[in-house]
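Structural characterization, general
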Amino acid sequence: MIRLAQENDLSQLLQLYTHLHDNPMPDELPQTLWQQIMADPNHHIVVAELDGQLVSSCVLLIVPNLTRGQRPYAWVENVVTHSDYRKQGIGSAVLAFAKDIAVQRGCYKIALMTGTKQDETLRFYESAGYNCADKRGYVQWL
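Analysis parameters
- Residues numbered from 1 in each chain as written.
- Predicted model: local features only at pLDDT ≥ 70, side-chain atom pairs only at ≥ 80, totals over all residues.
- Heavy atoms only, no water.
- Salt bridge = Lys/Arg side-chain N within 4 Å of Asp/Glu carboxyl O.
- Helix = DSSP H or I, 4+ residues; strand = E, 2+ residues; numbered from the N terminus.
- Pairing = 2+ DSSP bridges.
- Right-handed = clockwise from strand over helix to strand, strands pointing away.

Applying the stated rule across the entire model yields three salt bridges. Measuring nitrogen to oxygen at the nearest pair gives 2.9 Å for the salt bridge that ties Glu-49 to Arg-3. In this pair, Glu-49 sits in strand β2 (residues 43–50) while Arg-3 sits in strand β1 (residues 2–4), placing the two residues 46 residues apart along the sequence. Each member of the salt-bridge network shares a partner with another, and the members are Arg-3, Asp-9 and Glu-49.

Two strands pair when backbone bridges link them, and strand β3 (residues 53–63) and strand β4 (residues 73–81) are joined in this way by seven bridges, in the antiparallel orientation. Note on β4: the bridge partner recorded for Ile-62 is Ala-74. Here three bridges tie β4 to strand β5 (residues 110–112), and the two strands are oriented parallel to one another. Pairing of Ala-74 across the sheet is with Ile-110, part of β5. Following the backbone out of β4, through helix α3 (residues 90–104) and into the adjacent parallel β5, one traces a crossover that is right-handed.

The structure is reproduced here in structure tokens:
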């Protein structure tokens with residue numbers, strides 16, 4: 001089942017994030033931050049649940065915008081699928097769900113950046129409709 005994250009998903013989501021670039025499980029659940037995320041109408045966490053377990057997720061941010069006819073744009077981040085559930089179409093379904101939200105919200109584009117150099121992951125994003133030819137991304141780490 002693909003759905004938006006709910007209040008009681010925090011612990012499982014953090015466990016899923018351990019499959020995202022060696023991200024450790026925090027010692028304490030960040031309840032205040034979680035409540036802030038849950039209350040933000042422009043912050044969406046899409047999850048895939050299988051047999052009661054979260055197995056894939058992405059974050060979708062809707063950014064209000066003063067250009068492009070004041071149409072917002074969307075940003076995807078923290079795309080992750082549990083290593084036991086990869087190559088089954090679950091991650092693609094999560095990204096498609098996020099895209100549907102962006103379309104419903106009237107976004108003119110949806111973007112993501114990845115630090116991976118793995119061809120398999122890059123092909124995954126391309127198969128989900130993303131391309132690396134139209135724009136160039138830069139990062140400044142703070």
